[in-house]
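So the chains spell out like this:
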Amino acid sequence: MAYREGAKVYATAHKMHEGHLAKLGAKRFSIEPEGWLPYLEGKMDVVVDNLCVDGYESSYRALTPDGVLVCNTGGHAEHLIQRESNPDR
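The following paragraphs examine the structure supplied in this document. Note that the coordinates shown come from a computational prediction; the quantities given were computed from them, not determined experimentally. (Residues numbered from 1 in each chain as written. Predicted model: local features only at pLDDT ≥ 70, side-chain atom pairs only at ≥ 80, totals over all residues. Heavy atoms only, no water.)

1. With respect to the side chain of Arg-28
Locating Arg-28 in the fold gives a position in strand β2 (residues 26–29). Relative accessible area serves as the criterion here: at 15%, Arg-28 is assigned to the buried category. Polar contacts involving the side chain of Arg-28 include one to the main-chain carbonyl oxygen of Ala-13, which spans 2.8 Å. With sequence-adjacent residues up to four places away left out, Arg-28 is seen in contact with Ala-11, Ala-13, His-14, Lys-15, Glu-18 and Leu-21. (Helix = DSSP H or I, 4+ residues; strand = E, 2+ residues; numbered from the N terminus. Buried < 20%, exposed > 50% of the residue type's maximum accessible area, 1.4 Å probe, protein only. Polar contact = N/O pair within 3.5 Å; in protein donor to acceptor, adjacent residues only side chain to side chain. Contact = heavy atoms within 4.5 Å.)

Put into structure tokens, the structure is as follows:
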């Protein structure tokens, strides 16, 4: 949906999913933050993190000052957390 509305979409996934993600309009990066964070740090308006590979540290670092992090690590609605990257505003 975001891509159809004109957003740039990035996804972390195994290389075997790259073709499928490209068909959906997403650019694939490796799951490890060191593979994508240098390119996206401070540039993301929204990050949806379903893996939490590093306690959300890289997800927060990817956000713009007004960006939003959406976390869903448990697969259940009660685990959905939405937080702003700048809690002092």
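2. Things to note about the pairing of strand β4 (residues 63–71)
Judged by how many residues are buried, β4 sits mostly within the fold: seven of nine residues are covered. Strand direction decides the pairing type here: strand β3 (residues 44–49) and β4, joined by five bridges, are parallel. Its bridge partner lying in β4, Met-44 is registered against Leu-63. As a crossover connection, the stretch from β3 through helix α3 (residues 57–62) into β4 is right-handed. (Pairing = 2+ DSSP bridges. Right-handed = clockwise from strand over helix to strand, strands pointing away.)

3. Thoughts on the pattern of salt bridges
Note on pairing: side chains with opposite charge can pair once their charged atoms come close. Summed over the entire model, instances satisfying the criterion amount to four salt bridges. Two residues, Glu-41 and Arg-61, come together in a salt bridge whose shortest N-O distance is 3.1 Å. Note that Glu-41 is positioned in the loop between α2 (33–40) and β3 and Arg-61 in helix α3, a separation of 20 residues in sequence. Glu-41 gets classed as partly exposed once you look at its relative accessible area, which sits at 40%. Using a relative accessible area of 38% as the deciding quantity, one classes Arg-61 as partly exposed. (Salt bridge = Lys/Arg side-chain N within 4 Å of Asp/Glu carboxyl O.)

4. Re α2
Pro-33, Trp-36, Leu-37 and Leu-40 are the residues of α2 that are buried. All buried residues of α2 lie within an arc of 105 degrees about the axis, which places them on one face of the element. Across α2 from its buried face, at more than 90 degrees, point the exposed residues Glu-34, Pro-38 and Tyr-39. Among the residues trailing α2, Gly-42 stands out with phi positive, at a value near 75 degrees. (Arc of directions from axis to C-beta.)

5. A short note on the side chain of Ser-59
With respect to the helices, strands and loops of the structure, Ser-59 is situated in helix α3. Ignoring anything within four residues of it in the chain, the contact list for Ser-59 reads Trp-36, Val-47, Asp-49 and Leu-69.

6. Quick look at the packing of aromatic side chains
Under the counting rule described, the total for this entry stands at two aromatic pairs. Centroid distance Tyr-10 to Phe-29: 5.9 Å. Interplanar angle 45 degrees. Geometry classified as tilted. Placement of Tyr-10 in strand β1 (residues 9–12) and of Phe-29 in strand β2 is noted, with a sequence separation of 19 residues between them. Classification of Tyr-10 as partly exposed rests on a relative accessible area of 30%. Taking the relative accessible area as the measure of exposure, Phe-29 reaches 9% and is therefore buried. What links up through ring pairs into an aromatic cluster is the set Tyr-10, Phe-29 and Tyr-39. (Phe/Tyr/Trp six-rings, centres within 6.5 Å; stacked < 30°, edge-to-face > 60°.)

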